[in-house]
Amino acid sequence: DAMVIQNPRYQVTQFGKPVTLSCSQTLNHNVMYWYQQKSSQAPKLLFHYYDKDFNNEADTPDNFQSRRPNTSFCFLDIRSPGLGDAAMYLCATSSGDSTDTQYFGPGTRLTVL
Amino acid sequence: LAKTTQPISMDSYEGQEVNITCSHNNIATNDYITWYQQFPSQGPRFIIQGYKTKVTNEVASLFIPADRKSSTLSLPRVSLSDTAVYYCLVGGNSDTGFQKLVFGTGTRLLVSP
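Asks: Explain the state of the cysteines here, please?
Replies: Linking two cysteines covalently via their sulfur atoms produces the bond known as a disulfide. Enumeration according to the criterion identifies two disulfides over all chains in this entry. Through a disulfide, Cys23(A) is tied to Cys91(A); the S-S separation comes to 1.9 Å. Disulfide Cys23(A)-Cys91(A): the torsion about the S-S bond is -70°, which places it as left-handed. In this pair, Cys23(A) is assigned in strand 3 (residues 19-25) and Cys91(A) in strand 9 (residues 87-94), connecting sequence segments 68 residues apart. On the basis of relative accessible area, Cys23(A) is assigned to the buried category, the value being 0%. Note that Cys22(B) is cross-linked by a disulfide to Cys88(B), the S-S spacing being 2.2 Å. Where Cys22(B) bonds to Cys88(B) through sulfur, the torsion about that S-S bond is close to -80°, and the disulfide is left-handed.

Asks: Just to check I follow, could you spell out the pattern of salt bridges for this structure?
Replies: Close approach of charged atoms allows side chains with opposite charge to pair. Residues and elements named next belong to chain A. All told, the structure shown has two salt bridges over all chains when counted by the stated rule. Ionic pairing is found between Lys44 and Asp59, a salt bridge with its closest N-O pair at 3.3 Å. Remark: Asp59 occurs in the loop between strand 6 (53-56) and strand 7 (64-67) and Lys44 occurs in strand 5 (residues 44-50); sequence separation between them is 15 residues. Of the residues examined, Lys44 reaches a relative accessible area of 32% and is grouped as partly exposed. What makes Asp59 exposed here is its relative accessible area of 52%. Close ionic contact of Asp77 with Arg67 constitutes a salt bridge, the shortest N to O distance being 2.7 Å. Placement of the pair is Asp77 in strand 8 (residues 73-78) and Arg67 in strand 7, with a sequence separation of ten residues. With a relative accessible area of 39%, Arg67 lands in the partly exposed category.

Calculation criteria
- Residues numbered from 1 in each chain as written.
- Chains lettered and ligands numbered in written order.
- Predicted model: local features only at pLDDT ≥ 70, side-chain atom pairs only at ≥ 80, totals over all residues.
- Heavy atoms only, no water.
- Disulfide = S-S within 2.5 Å.
- Helix = DSSP H or I, 4+ residues; strand = E, 2+ residues; numbered from the N terminus.
- Buried < 20%, exposed > 50% of the residue type's maximum accessible area, 1.4 Å probe, protein only.
- Salt bridge = Lys/Arg side-chain N within 4 Å of Asp/Glu carboxyl O.

See below:
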């Protein structure tokens, strides 16, 4: 049973063309996260939502935005993708009630042409 | 945030026990130690979490000495399918319950026949 779903699994966009990545969860978790993972590197946290409260990492570029319209869905918007934004984007969730497990989705691999 | 240090890579053979050690010298009092496994083109998967002493589940064991400045993930009798990157992370919850995970370089485990 899928718990954290990411769509699409593969996304191709053109340089400078806005793109939106989608994440949904069936766990009813309070917290949703977006990570960026480049080839052969570790995942890097971009931002997270605790309920509707948005928390941006200090070094996340302004080019990256996020929306969480409800508990189940969270979107990553890249306003003007550059070649350096090509990466795997991972969504994760956690209940946020205690030190608990983050559940990751399968990721969306973004290619920028 | 406590930084972690792990070996970049390890090699093993099927059926052997593998121990991956992680150093986290500046771990905070409320930090937990969590290990994740990641296969290529997939999101990280939770393996085990602990605070002190020893934790065991159906997949692995986690050994944490009294000073908590290091931890060892033990994988009994590895198989080829255990070939993956293993990440050690430390972190604690804030008042909002947020568990910020900072991924280190991870350890690439290669299991051979």
